[in-house]
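If you want the building blocks of each chain, they are given just below.
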Amino acid sequence: MSDVSQFKSRIYVRKRKTKLTAEQRAGALLWQPAPSLVRETRVLPSGLHVRFLRVSKQKLAGRTLLFFSDTHIRTAGVRGFFPGVRQRGGTEWLTTAFRELFEAIPMPDCIAFGGDLSGDAAWIGPSLDFLRTIPSGPEKFAVCGNWELRRRWLPAERWRELFASAGFRLLMNETAEAHEIQFHGLDDAKEGDGLSGEAAIPRSENVCVLSHNPDVAAAMLLTDKLKGAPLILCGHTHGGQFRIPGFGAVLTSSRFGKRLEYGAYRHSSTGATMYVSAGIGATWFHARICCPPEVLFVNFC
């Protein structure tokens, strides 16, 4: 079977979900919320929130990274509440927000996208046009989300070509190095083959793992594959999209429930840091309650 046929086969056949093992459930408890790692939040005029995360890793001191995820670009806009922002449909609001973003922050060394670019096949082209508006200079990487794979729009290799046309290198269970950071992108946990990517993770203290879904990264730490990784960046949960003050997410799309719903976490055994982003867009419900759109600026020190 050709490589492309293997990709298509993997995408088009929905996987049967397996139950979490007792070990996996226990392992998820090792992730402890670490909100103090987010040193600052800046709100741009567009309403986009910029979270500033500090990660201690002397070998990477001075390196910076911008991470964003879950844009879900489509015709329908996103309504915000308490307080919130009205995100217009398409790419107009997003393009304005990112222009403000790059005027407000230092240009990062690297930019990483966490998957779920478009919410509609008709918007794939304009979504890629949006990616092309991001300034050149930083090294850019991306991983597939479940929406890239579940909708059967395109085979995986075609996504690789399209992201490349927008200046992003798509990583699917593979590693690429930039500015001494070894980015390892995992395939999606729900619709791809993310768990098989653990064998390719380099044994290095300079690894930044990109995983659309936090579930697969949590499972890998149980096998000791990510012990040396200083940072894991994820999206997918949208922070619940609807949040209640003092309670958090009403619903999540994580098999670990609210354990990995949103924000900064530290693994009590390995010391790894993971950030689960609330992302930018919305899925089936075109609203975000107490959950503003956000990007993450990482400063290694």
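Worth saying up front: this structure is predicted, and the values here are computed from it rather than measured. (Residues numbered from 1 in each chain as written. Predicted model: local features only at pLDDT ≥ 70, side-chain atom pairs only at ≥ 80, totals over all residues. Heavy atoms only, no water.)

**Here's the deal with the sheet that holds strand β2 (residues 38–43)**
Sheet strands line up and pair through hydrogen bonds in the backbone, either parallel or antiparallel. What counts is decided by this rule: Here, any two strands with at least 2 DSSP bridges between them count as paired. Elements are defined by DSSP. Helices are runs of H or I of four residues or more, strands are runs of E of two residues or more, and each kind is numbered from the N terminus. Residues count as neighbours in contact if any of their non-hydrogen atoms are within 4.5 Å of one another. Axis geometry follows a simple rule: fit a line to the C-alpha atoms, using only the stretch in contact for helices, then measure angles between N-to-C directions, giving values from 0 to 180 degrees.
Reading across from one edge, β2-β3-β18-β4-β6-β7-β8 is the order of the seven strands in this open sheet, with mixed pairing throughout. The sheet is open, and its two borders are formed by β2 and β8 (169–170), each paired with just one other strand. Bridge count between strand β4 (residues 64–68) and strand β6 (residues 110–113): four bridges; the pairing is parallel. Of the residues in β6, the one forming a bridge with F67 is A112. Lying over the sheet, helix α3 (residues 92–104) contacts β2, β3 (49–55), β4, β6 and β18 (294–300), oriented at roughly 165° with respect to β4.

**Side note on unusual backbone geometry**
Note: most peptide bonds trans; most residues except glycine with negative phi. The test is simple: Burial here depends on accessible area, computed with a 1.4 Å probe over protein chains only, as a share of the maximum for the residue type. Under 20% is buried, over 50% is exposed, and the range in between is partly exposed.
With a phi close to 45°, H72 is a non-glycine residue in the positive phi region. Following the sequence through the fold, H72 ends up in the loop between β4 and β5 (79–81). Look at D116: it is not a glycine, yet its phi comes out positive at around 60°. Residue placement: D116 occurs in the loop between β6 and α4 (124–132). Judged by relative accessible area, D116 falls into the buried class, the value being 1%.

**A look at the packing of aromatic side chains**
Rules: Pairing of aromatic rings covers Phe, Tyr and Trp, the last through its six-membered ring, and needs centres within 6.5 Å; plane angles under 30 degrees mean stacked, over 60 mean edge-to-face, and all others mean tilted. Remark: a charge is flagged as sitting over a ring if the NZ atom of Lys or the CZ atom of Arg is within 6 Å of the ring centre and within 35 degrees of the ring normal.
Under the criterion given, the structure shown has eleven aromatic pairs. Between the aromatic rings of F98 and F102, the centroid separation amounts to 6.2 Å while the plane-to-plane angle is 55°, which identifies the pairing as tilted. Here F98 pairs with F102, and both are found in helix α3, just four residues apart, close to one helical turn. Against the face of F247 rests K258, its NZ or CZ located 4.2 Å from the ring centre.

**Thoughts on the side chain of D70**
Applicable threshold: Lys and Arg are tallied as positive, Asp and Glu as negative. Neither His nor the chain termini are counted. Throughout this description, the term salt bridge denotes a Lys or Arg side-chain nitrogen within 4 Å of a carboxyl oxygen of Asp or Glu. Under this definition, polar contacts are N or O atom pairs within 3.5 Å; protein pairs additionally need one hydrogen-donor-capable and one acceptor-capable atom, and for neighbouring residues in sequence, both atoms have to be side-chain atoms.
For D70, the location among the structural elements is in the loop between β4 and β5. An unpaired buried charge is present at D70: no salt bridge exists, and R288, the closest side chain of opposite charge, is 7.8 Å distant. Among the polar contacts made by the side chain of D70, one reaches the main-chain amide nitrogen of H236 at a distance of 2.9 Å. When sequence neighbours within four positions are dropped, the list of residues in contact with D70 reads F113, G115, D116, H212, G235, H236, H238, G279, I280 and G281.

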